[in-house]
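# Commentary on secondary and tertiary structure
Listed here are the chains, written in short residue letters.
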Amino acid sequence: MQQPFMAYENDSDGFTTGNLKITNGFDCIRVEGSLEITKDRAGLEVALKLKRAVDAAIDALKRDRNLPDSLGH
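Here is a short report on the structure shown in this document. (Residues numbered from 1 in each chain as written. Predicted model: local features only at pLDDT ≥ 70, side-chain atom pairs only at ≥ 80, totals over all residues. Heavy atoms only, no water.)

## Describing unusual backbone geometry
One non-glycine residue, Tyr 8, lies in positive phi territory at about 65°. A relative accessible area of 22% places Tyr 8 in the partly exposed class. (Buried < 20%, exposed > 50% of the residue type's maximum accessible area, 1.4 Å probe, protein only.)

Following this line, the structure appears as structure tokens:
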């Protein structure tokens, strides 16, 4: 079973799907590369993996009651 992506929880988690690399951080999640989502079962799995990471980030951001307007990056 795949470990859930715990957005913003550490500076070490990350995964690669296709040529897309998603790296976790305490104040930033970095997404680099490209991704082809093909119209087949493999494409569905790739899309769901990406969606889980994005959903985790959105959920973490919504839960943060002290979310700043900007980090100034």
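## Quick look at the sheet that holds strand β3 (residues 30-34)
The strands making up a sheet associate through backbone hydrogen bonding, with each pair oriented either parallel or antiparallel. Strand order across the open sheet formed by three strands is β1-β2-β3, with antiparallel pairing between neighbours. Across the chains shown, the open sheet's two edge strands, defined by having one partner strand only, are β1 (14-17) and β3. The average angle at which neighbouring strand axes cross in this sheet is 10°, direction not considered. As judged from the four bridges shared by β1 and strand β2 (residues 19-23), these two strands associate in the antiparallel manner. (Pairing = 2+ DSSP bridges. Helix = DSSP H or I, 4+ residues; strand = E, 2+ residues; numbered from the N terminus. Axes fitted to C-alpha atoms, helices over the stretch in contact; angles between N-to-C directions.)

## What to know about the pattern of salt bridges
Tallying each qualifying case throughout the model produces one salt bridge. With its nearest N and O atoms 2.5 Å apart, the salt bridge here joins Asp 55 to Lys 51. Taken together, the residues Asp 55 and Lys 51, both in helix α1 (residues 41-63) and four residues apart, mark about one turn of the helix. (Salt bridge = Lys/Arg side-chain N within 4 Å of Asp/Glu carboxyl O.)

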